[in-house]
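So you can see what is in the structure, the chains are spelled out below.
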Amino acid sequence: MKTKIIYRILSALVVLSSLVVWQGCKPKAPGSVTMGDAANKAFVPPGKYDEFYNIVSGGFNGQIGVYGIPSGRLFKILPVFSVFPESGYGYSEETKPMLNTSHGFVPWDDLHHIALSTTKGEHDGRWAFANANNTPRVARVSMKTFRTEEILEIPNSGGNHSSPFITENTEYLVAGTRFSIPMGNKDVPISSYKENFKGSISFIKVNPSDGKMNIAFQLRTPGFNYDLSRAGKGPSHGWFFFSCYNTEQAYTLLEVNASQKDKDFIMAVNWKKAEEYIAQGKGRIEKAKYAHNVYDESTHSATSTMQQEVTVLDVMEFPDIVYFIPCPKSPHGCDVDPSGEYIVGSGKLAAMMPVFSFTKIQKAIANKDYEGDFSGIPVIKYESALHGEVKKPGLGPLHTEFDDKGNAYTSMFVSSEIVKWNVKTLEVLDRVPTYYSIGHLSVPGGPTAKPHGKYVIAYNKITKDRYLPTGPELTQSAQIYDISGDKMQLILDFPTTGEPHYAEAIPASMVSPNSLKIYKLEENKHPYAAIGEGQAKVVRKGNEVHVSMTAIRSHLTPDNIEGVRMGDVVYFHLTNLEQDWDVPHGFAVKGNAGNAEILVMPGETQTLKWTPDEVGVIPFYCTDFCSALHQEMSGYIRVSPAGSNTPLKFSTGVIEDSNAGK
Amino acid sequence: MKYFLGLTLATMMLLSCSPGKPNQPGEEPDINKSAVEAITDPTKGIGAIKNVTLENPLDQERIKRGVAIYEMKCQACHKLTDQRIVGPGWKDVTKKRKPEWIMNMITNIDVMLEKDEEAQKLLELCLMRMPNQNMSVGDARDVLEFMRQNDGEK
């Protein structure tokens, strides 16, 4: 939402300040684009599969949306940094620790960017990584289970925006602070920005076998804003590039005060060099507090551990790690082409786009071809690093993706269009309108060394009249363009949830064969699982009552429970005994204030905590329509007054004398 | 799953018309081939199990494994008496059905419910599709041995 407002302000500014009449500045009215054979290109017949998965950030909803391309059909909303009623994520006792932070339980965050794991610069279909922009964190999602498996908090960060971009073999993902802050929770005047505020870039190591993450080191960098990032690849492997804005170091009214200079920076980081310094023990250990949350697939449970320190390298003390390259006017996107040679800077207030050459950057560093320094860090001469400029590409360039034919596709926020241009010749080849005000865009494999091409998908910031109105708040508008020919062709509008920022698309063939169908009962190591109806039981531990319950079409065992008293806390540990794909069971019990329901996959165990607040006989039932006798899948739990001596007992299918248990 | 009723109706009415699902390799048995087998001996059911040789005395190791599988995956719906809960009780099942039919029912449930008349009669009776409990042929054989013991064989 914040980004949206910034975009709006930006667009207003640019339109006001630009006296040039720009062709394509005003989007054509909806429906004026002829469709031709578009319907055929986007049509996936009933029962057939899409060609690509589109893994789409949900923005302010803190989730990921999974869509099919080219149909635009929504398959799944995958909760990451937000609680989710559909699956009980953040409500079940097993998943609550996933949302724990050094500040406590944070139920909702803002998720901006997706990075799919790569090997040798190409998609490998193993994991998706995502960032929490507000309370700084990164997450790892399994592409086998489509579940969030790990969340790592980032200390010393004022907002995790330039994240989680990854190196070509998923060695590291980065987390760069958007806002510089005084490190170490210092109480200083805001006006002491230049003196006290610092940037922080975390390098997070990913274990190649199981994907587990840890912060390998943090770079302390000059105090301004770090926006977006991309790792080098091929010849530039070992380097990372970050777009930086507010090199004016403004701390108020940034829309004006951070737009003063003609050029800000792209920061080039030699992370291999930083790695060497760390290996030599040159990092300093600093105290920090940050949560590391891991979901265990065999116990179906997450644990949250508080970490205590990070290793820090101050780049002002190691001047051969970092170099600045001047880049016009508050660059946003900073994208590396598939060859790894070209780095595209998208100055969102600039009327052209610079493309830098990695070879030239290296030569300039070797020759010390600098125009000066910033906080002691060398600033390479603009012309020495430049491959060339894309002239008059459009207004408000934000992000660039690449196809498999040497072309680039840049989103133009202000002029609402996608511009296709050739990376080597810098010649503009084609432009198409988007509806409206495109933010990010995605070409399948677009950020990798081997793009899959075929489509470009636009994630628009403004929806307006594209869909039936639904009050003041509208669905978000995404659009798919066929890019297989010379001209881009709009083939489909599709609505998305939340407010997508970055997204990646990956061939379905790299993901779907590995998709998990069930959790095997034989491998269920949950401490309260009832693996078979014979293990169902109710156990009292002080004022805690643990119900190990089973579910199978169409009954719960036990379905009669007595002996619970006011003041007790009841834990329903539900094991789904089904071993067939797509047979979840749900569980809900009346009056569960502050908590919700759970949904349990075949072979899985999940726990719902319930604190009874009144005496009586309370119904519970399965919430997922599972069979013809689903309505029968229910039970009762009797709650007696505090201190009463109703005996603890439980059963299913036992018909008792009506006087029993009085 | 959520459209169980619809599916059941579709299954009953369109016996030969399976939905055009994309094939997952190794996922779906060859229905047509199995159907031919069914014609040759309908009482053996449809599936990979063509011929089971039973021996006495019973294999105690198999029974041990069969009991464990029963308690984990079957007990919730099948009693060991003749009482029907969700599915029929198991008493005398080995006297009523051929061993091949029982094992095909366990390992090839979706095809059995679509094509096998006896399986369909049970579906009409219980109004519940027996779940695919992800059992191997070996698992099914272990369970069969336990059923034989339950029916009094030595």
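None of these values were measured; they are calculated from a predicted model.

S.K.: Could you clarify how one ought to interpret the overall build of chain B in this entry?
M.R.: Each helix and strand in chain B was counted, giving eight helices and zero strands. For chain B, the sequential pattern of α-helices and β-strands runs α-α-α-α-α-α-α-α. In chain B, buried positions account for 33% of the 154 residues. The long-range fraction of contacts in chain B, counting pairs at least 24 apart against all pairs at least 6 apart in sequence, stands at 73%.

S.K.: For this particular structure, what's the right way to read the overall build of chain A?
M.R.: Helix and strand content of chain A: seven helices and 46 strands. Taken over C-alpha atoms, the radius of gyration comes to 27 Å for chain A, in line with the 26 Å a tight globule of 662 residues would show. Taken along its principal axes, the extent of the C-alpha atoms in chain A is 90 × 60 × 40 Å. A total of 662 residues make up chain A; the buried ones form 53% of that total. Taking as baseline every contact in chain A between residues at least 6 positions apart, the subset at least 24 positions apart corresponds to 62%.

S.K.: Explain the interface of chain A and chain B here, please?
M.R.: How big an interface is tends to be stated in terms of accessible area lost as the parts join. Taken together, the 25 residues of chain A in the interface contact 21 residues of chain B. A breakdown of the residues in the side of chain A that touches chain B according to their chemical character gives 11 nonpolar, eight polar and six charged.

S.K.: What is the right way to read the domain arrangement of chain A from this model?
M.R.: Residue and element names in this part refer to chain A. Domain annotation for chain A reports domain 1 (2-183 + 191-514) and domain 2 (522-651). Here domain 1 and domain 2 have C-alpha centroids that lie 43 Å from each other. Contacts between the two partners involve 12 residues from domain 1, matched on the other side by 15 residues from domain 2. By residue class, the composition of the side of domain 1 that touches domain 2 is two nonpolar, seven polar and three charged.

S.K.: What is the right way to look at the confidence of the model for chain A in this model?
M.R.: Detailed reading of the predicted coordinates is not advisable wherever pLDDT is low. When the pLDDT values of chain A are averaged, the result is 93; 94% of them are 70 or greater. Note that residues 13-27 of chain A has pLDDT below 50 and, in this model, 20 contacts with residues that lie over four places away or in other chains.

S.K.: Just to check I follow, could you spell out the nonpolar core for this structure?
M.R.: The tendency in soluble globular proteins is for nonpolar side chains to be buried as a group. Residues and elements named next belong to chain A. Counting residues in hydrophobic clusters, the biggest one holds 191 residues, and the most contacted among them are Ile 266, Ile 325, Val 456 and Ile 457. Formed jointly, this core draws a minimum of three residues from each of two domains, domain 1 (2-183 + 191-514) and domain 2 (522-651). Apart from the residues within four sequence positions on either side, Ile 457 is in contact with Asn 54, Ile 69, Leu 441, Ser 442, Ala 478, Ile 480, Ala 503 and Ala 505.

S.K.: Got a minute to help me understand helix H6 (residues 358-366) of chain A in this structure?
M.R.: Note on helix geometry: an α-helix contains 3.6 residues per turn, so any two residues three or four positions apart are oriented the same way. All names here are of chain A. Within the sequence span of H6, burial applies to Phe 358, Ile 361 and Ala 364. The arc that holds the buried residues of H6, viewed along the axis, is 120 degrees, so those residues lie on one side. Looking at the packing, one finds that the buried side of H6 touches strand S17 (263-270), strand S20 (322-328), strand S22 (342-347), strand S23 (352-357), strand S25 (377-380) and helix H7 (382-385). At the exit of H6 stands Lys 368, carrying a positive phi of roughly 50 degrees.

S.K.: Mind showing me how you'd approach unusual backbone geometry here?
M.R.: Excluding glycine, residues mostly have negative phi values, and the peptide bonds linking residues are mostly trans. The step from Ile69(A) to Pro70(A) runs through a cis peptide bond, and the omega angle for that step is 15 degrees. Within the fold, Pro70(A) resides in the loop between strand S2 (63-69) and strand S3 (74-79). Following Asn56(B), the chain continues into Pro57(B) via a peptide bond in cis, with omega recorded as 0 degrees.

S.K.: Hey, could you run me through the packing of helix H3 (residues 60-74) of chain B against helix H8 (residues 137-150) of chain B in this one?
M.R.: Two quantities define a packed helix pair, namely the angle between the helix axes and the distance between the axes. Residues and elements named next belong to chain B. Close contact between H3 and H8 brings their axes to 7 Å; oriented N to C, the two are set at 100 degrees. By the angle between their directions, the pair H3 and H8 is classed as roughly perpendicular. Contacts between H3 and H8 involve Arg 62, Ile 63, Arg 65, Gly 66, Val 67, Ile 69 and Tyr 70 on the former and, on the latter, Asp 139, Arg 141, Asp 142, Val 143, Glu 145, Phe 146 and Gln 149. Class assignment for the residues of the contact of H3 with H8 results in six nonpolar, two polar and six charged.

S.K.: I'm lost on the confidence of the model for chain B in this one. Help?
M.R.: Residue and element names in this part refer to chain B. When pLDDT is averaged along chain B, the result is 81; 74% of the residues meet or exceed 70. Averaged pLDDT values over the elements of chain B bottom out at 40 in helix H1 (residues 4-13) and peak at 97 in H8. With pLDDT under 50 throughout, residues 1-38 is counted as low confidence; its partners more than four residues away or in other chains account for 35 contacts. As scored by the predictor, the complex reaches a pTM of 0.89 and an ipTM of 0.75.

S.K.: Sorry, what's going on with the environment of Asp404(A) here?
M.R.: Relative to the assigned elements, Asp404(A) resides in the loop between strand S27 (397-402) and strand S28 (407-412). As a C-alpha pair, Asp404(A) and Gly445(A) span 41 residues in sequence and 8.9 Å in three-dimensional space.

S.K.: For this particular structure, what's the right way to read the sheet that holds strand S1 (residues 52-57) of chain A?
M.R.: All names here are of chain A. Spatially, the four strands line up as an open sheet ordered S3-S2-S1-S35, and their pairing is antiparallel. A strand with exactly one partner marks an edge of an open sheet, and here the two such strands are S3 and strand S35 (503-507). Averaged over all adjacent pairs, the angle separating strand axes in this sheet is 20 degrees, with direction ignored. Two elements, S1 and S35, share five bridges in a ladder whose sense is antiparallel. When the sheet's bridge partners are listed, Ile 55 is paired in S35 with Glu 504.

S.K.: Can you help me understand the packing of helix H5 (residues 99-107) of chain B against H8(B) in this one?
M.R.: Residues and elements named next belong to chain B. Their axes nearest at 9 Å, the elements H5 and H8 cross at an angle of 130 degrees. Taken together, the axes of H5 and H8 are oblique relative to one another. Note that H5 runs across H8; the crossing there is right-handed. Packed against H5, whose contacting residues are Pro 99, Ile 102, Met 103, Ile 106 and Thr 107, the element H8 presents Val 137, Ala 140, Arg 141, Val 143, Leu 144 and Met 147 at the interface. Taken together, the residues that form the contact of H5 with H8 break down as nine nonpolar, one polar and one charged.

S.K.: Sorry, what's going on with the sheet that holds strand S29 (residues 417-422) of chain A here?
M.R.: Two pairing modes exist for strands in a sheet, parallel and antiparallel, and in both the strands are linked by backbone hydrogen bonds. Residues and elements named next belong to chain A. One open sheet accounts for four strands, arranged S27-S28-S29-S30; its pairing is antiparallel. The open sheet has two edge strands, S27 and strand S30 (428-433), and neither has a second partner. Between one strand and the next, the sheet's axes are offset by a mean angle of 20 degrees, whatever the strand orientation. As paired elements, S28 and S29 share six bridges and run antiparallel to each other. In the sheet register, Asn 407 faces S29, and the bridge partner there is Asn 422.

S.K.: What is the right way to look at the environment of Pro328(A) in this model?
M.R.: Residue and element names in this part refer to chain A. By secondary structure assignment, the location of Pro 328 is in strand S20. C-beta crowding within 10 Å serves as the criterion here: with 21 such atoms nearby, Pro 328 is assigned to the buried category. It is 19 Å that separates the C-alpha atoms of Pro 328 and Ile 377, two residues lying 49 residues apart in sequence. Not counting residues within four places of it along the chain, the set of residues in contact with Pro 328 comprises Asp 262, Lys 263, Gly 347, Ala 350 and Pro 354.

S.K.: How should I be thinking about the pairing of S28(A) in this particular structure?
M.R.: The side chains of a regular strand alternate between both faces of the sheet. Residue and element names in this part refer to chain A. By the criterion of burial, S28 is predominantly enclosed, with six of the six residues buried. The alternating pattern of S28 places Asn 407, Tyr 409 and Ser 411 and Ala 408, Thr 410 and Met 412 on opposite faces, both of which are buried. With four bridges joining them, S27 and S28 adopt antiparallel strand pairing. Bridge pairing in S28 places Glu 401 opposite Tyr 409. Where S27 folds back onto S28 in an antiparallel hairpin, the turn is made up of four residues, including Gly 406, whose phi is positive at roughly 85 degrees. Connecting the antiparallel pair S28 and S29 is a turn made up of four residues, with Ser 416 showing a positive phi of about 50 degrees.

S.K.: What should I look at first to understand the environment of Met549(A) in this one?
M.R.: Residues and elements named next belong to chain A. Along the chain, the position of Met 549 falls in strand S37 (residues 544-552). For the pair Met 549 and Glu 578, spaced 29 residues apart in sequence, the C-alpha separation works out to 13 Å. With near-sequence residues (within four places) excluded, Met 549 lies in contact with Ala 530, Ala 536, Leu 556, Thr 557, Pro 558, Phe 572, His 573 and Leu 574.

What counts, and where the lines are drawn
- Residues numbered from 1 in each chain as written.
- Chains lettered and ligands numbered in written order.
- Predicted model: local features only at pLDDT ≥ 70, side-chain atom pairs only at ≥ 80, totals over all residues.
- Helix = DSSP H or I, 4+ residues; strand = E, 2+ residues; numbered from the N terminus.
- Buried ≥ 20, exposed ≤ 12 C-beta atoms within 10 Å, placed from the backbone.
- Contact = placed C-beta atoms within 7 Å.
- Rg over C-alpha atoms; globule rule 2.2 N^0.38 Å.
- Nonpolar A, V, L, I, M, F, W, Y, C, P; charged D, E, K, R; others polar.
- Domains from an automatic or database assignment.
- pLDDT = per-residue confidence, 0-100.
- Core = buried A, V, L, I, M, F, W, Y, C linked by C-beta atoms within 7 Å.
- Arc of directions from axis to C-beta.
- Axes fitted to C-alpha atoms, helices over the stretch in contact; angles between N-to-C directions.
- Parallel < 35°, antiparallel > 145°, perpendicular 65-115°, else oblique.
- Pairing = 2+ DSSP bridges.
- Left-handed = near helix turned anticlockwise from the far one by under 90°.

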